[in-house]
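Close look at the chain arrangement
Here are the chains, one letter per residue:
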Amino acid sequence: MIMKFQFAHNNFNVLDLEKSLKFYDEALGFKPARKLEGPGFTLAYLSDGGQTPHELELTWIHGRKEPYNLGENEFHLAVRTDDFEAAHAKHKAMGCICFENEEMGIYFISDPDGYWIEILPPTM
């Protein structure tokens, strides 16, 4: 029997859910598809508006004050945009670009908790 698996979501833990929701909406247009409240935590699942079934789960642990240890931040989420130049200009104006690789034609933005999101052109 061969089992099939499908990507569902990635998770980022955040210190300030409202600040993160605002960032992801402004920077990428990702909006909450649903929220789940639990004892001492809130999960917010962000959607790209149905372009893909993949979601980004933001986990807020109520009362946590210390930043999460992201190590050397070698992991990241990658998204593709249909207008790379406009996206770059927007992210530059927001001040969230943290690394550019002009040779590869990509760049990274950093969210309020320091997670990196790779921005790809439409054909990469």
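Residues numbered from 1 in each chain as written. Predicted model: local features only at pLDDT ≥ 70, side-chain atom pairs only at ≥ 80, totals over all residues. Heavy atoms only, no water.

Examining the pattern of salt bridges
Note the threshold: Any carboxyl oxygen of Asp or Glu that lies within 4 Å of a side-chain nitrogen of Lys or Arg is treated as forming a salt bridge with it. Working definition: helices are DSSP H or I runs of at least four residues, strands are E runs of at least two. Numbering for both runs from the N terminus.
Enumeration over the complete set of coordinates arrives at 4 salt bridges. Between Arg34 and Glu55 there is a salt bridge; the shortest N-O distance is 2.9 Å. With a gap of 21 residues between them, Arg34 in strand β2 (residues 31-38) and Glu55 in strand β4 (residues 55-61) connect regions that are remote in the sequence. A salt bridge links Glu66 to Arg64; the nearest nitrogen and oxygen atoms lie 3.6 Å apart.

Things to note about the sheet that holds strand β3 (residues 41-47)
Our working definition: A pair of strands counts as paired when DSSP detects no fewer than two bridges linking them. Fitted lines through C-alpha atoms serve as axes, helices being fitted only where they are in contact, and the angles separating the N-to-C directions of these axes extend from 0 to 180 degrees. Throughout, a contact is declared for two residues whenever any of their heavy atoms are within 4.5 Å.
With mixed pairing, the 4 strands of this open sheet are ordered in space as β1-β4-β3-β2. Whereas interior strands pair on both sides, the edge strands pair on one side only; in this sheet they are β1 (9-14) and β2. Taken pair by pair, the neighbouring strands of this sheet meet at an average axis angle of 20 degrees, ignoring direction. Of the strand pairs in this sheet, β2 and β3 are connected by 7 bridges, and their pairing is antiparallel. Looking at the pairing, Leu36 lines up with Leu43 of β3. The sheet contacts of helix α1 (residues 17-28) involve β1, β2, β3 and β4, and relative to β4 the element is tilted by about 160 degrees.

Quick look at the layout of surface pockets
Operational definition: A cavity, in this analysis, means grid points on a 1 Å lattice covering only the protein atoms where a 1.4 Å probe fits yet has no way out; a pocket is instead an open set bounded by protein on both sides within 12 Å along at least five of seven lines, and a residue lines either one if it has an atom within 4 Å of a point. Grid points are joined across faces, edges and corners, and a volume is the space filled by probe spheres set on the points. Residue type decides the class: Asp, Glu, Lys and Arg count as charged, Ala, Val, Leu, Ile, Met, Phe, Trp, Tyr, Cys and Pro as nonpolar, and the leftover types, Gly among them, as polar.
Reported here for the largest pocket is a volume of approximately 610 Å³. Considering the residues around the largest pocket, the lining is formed by 25 residues, among which Phe30, Asp48, Gln51, Val79 and Arg80 are closest to the centre. Listing elements by their share of the lining of the largest pocket, those giving two or more residues are α1, β3, β4, β5 (77-80), α2 (84-94) and β8 (116-120). Tallying contributions element by element places β5 first for the lining of the largest pocket, with 4 residues. Along the lines of polarity and charge, the residues of the lining of the largest pocket split into 11 nonpolar, 8 polar and 6 charged.

Some thoughts on the side chain of Glu55
The criterion, for reference: Burial classes: relative accessible area under 20% of the type maximum marks a residue as buried, over 50% as exposed, and values in between as partly exposed (1.4 Å probe, protein chains only). Within 3.5 Å is the distance limit for a polar contact, defined as a pair of N or O atoms, with the added protein rule that one can donate a hydrogen and the other accept it, and that residues adjacent in sequence qualify only through two side-chain atoms.
Owing to a relative accessible area of 13%, Glu55 belongs among the buried residues under this scheme. Reaching out from Glu55, the side chain makes a polar contact with the side chain of Arg34 at a distance of 2.9 Å. In contact with Glu55, other than residues within four places in its own chain, are Ala8, His9, Asn10, Ala33, Arg34, Tyr45 and Leu46.

Brief notes about α1
The following threshold applies: By definition here, a helix of n residues has an expected span of 1.5 Å times n minus one. In this context, the arc is that of the directions from the helix axis out to the C-beta atoms.
Across its 12 residues, α1 extends 16 Å between first and last C-alpha, which sits within 8% of the 16 Å expected from 1.5 Å per residue. Of the residues making up α1, those classed as buried are Leu17, Ser20, Leu21, Phe23, Tyr24 and Ala27. Projection of α1 onto a plane perpendicular to its axis shows the buried side chains occupying an angular sector of 160 degrees, all on one side. Across α1 from its buried face, at more than 90 degrees, point the exposed residues Glu18 and Lys22. Near the N-terminus of α1, the side chain that reaches the backbone nitrogen of Glu18, with its oxygen 3.3 Å away, is that of Asp16. Looking one or two residues beyond α1, the residue adopting positive phi is Gly29, at roughly 75 degrees.

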